[in-house]
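The chain contents come next:
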Amino acid sequence: MIVDNKVVVITGAASGIGRALAERFVKEGAAKVFIADISEQKLKQVAEEVGATP
Ligand SMILES: NC(=O)c1ccc[n+]([C@@H]2O[C@H](COP(=O)([O-])OP(=O)(O)OC[C@H]3O[C@@H](n4cnc5c(N)ncnc54)[C@H](O)[C@@H]3O)[C@@H](O)[C@H]2O)c1
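Conventions adopted
Residues numbered from 1 in each chain as written. Predicted model: local features only at pLDDT ≥ 70, side-chain atom pairs only at ≥ 80, totals over all residues. Buried ≥ 20, exposed ≤ 12 C-beta atoms within 10 Å, placed from the backbone. Helix = DSSP H or I, 4+ residues; strand = E, 2+ residues; numbered from the N terminus. Pairing = 2+ DSSP bridges. Right-handed = clockwise from strand over helix to strand, strands pointing away. Near = placed C-beta within 6 Å. Nonpolar A, V, L, I, M, F, W, Y, C, P; charged D, E, K, R; others polar.

> Can you lay out the pairing of strand β1 (residues 7–11) for me, pointing to particular residues and giving the numbers?
The element β1 is barely covered by neighbouring structure, given that only 0 of its 5 residues are classed as buried. Relative to strand β2 (residues 32–36), β1 runs parallel, the two being bridged by 5 bridges. Counterpart to Thr11 in the pairing with β2 is Ala36. With respect to chirality, the unit in which β1 leads through helix α1 (residues 16–28) into the neighbouring parallel β2 is right-handed.

> Describe in detail the site of the ligand, supporting the description with residues and values.
Near the ligand the following residues occur: Thr11, Gly12, Ala14, Ser15, Gly16, Ile17, Gly18, Ala36, Asp37, Ile38 and Ser39. Ranked by residue count, the leading element in the shell around the ligand is α1, at 3 residues. Here the shell around the ligand is built from residues that sort into 4 nonpolar, 6 polar and 1 charged.

Listed below in structure tokens is the structure:
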């Protein structure tokens, strides 16, 4: 998938499919990956680990 110059927003990104997608979009070079989740604490940790923006 070509994600150059794309901004990605993922909800439910603190675990499972959402987290995996966030990690992949960052690795694929998306312009920006925003992540959200009902669990704020887990979200911040995942954001640091995968390089996305909470
Ligand atoms: N894992 C699979 O193989 C699979 C297959 C088919 C469908 N699904 C469905 O896909 C969805 C995600 O699955 P998963 O395995 O990644 O689950 P998961 O429980 O690992 O992840 C779900 C994430 O969504 C967050 N969340 C829950 N309610 C929220 C809300 N109101 N706002 C924001 N974030 C919220 C949770 O905190 C959690 O981080 C589920 O609905 C599941 O039934 C999963």
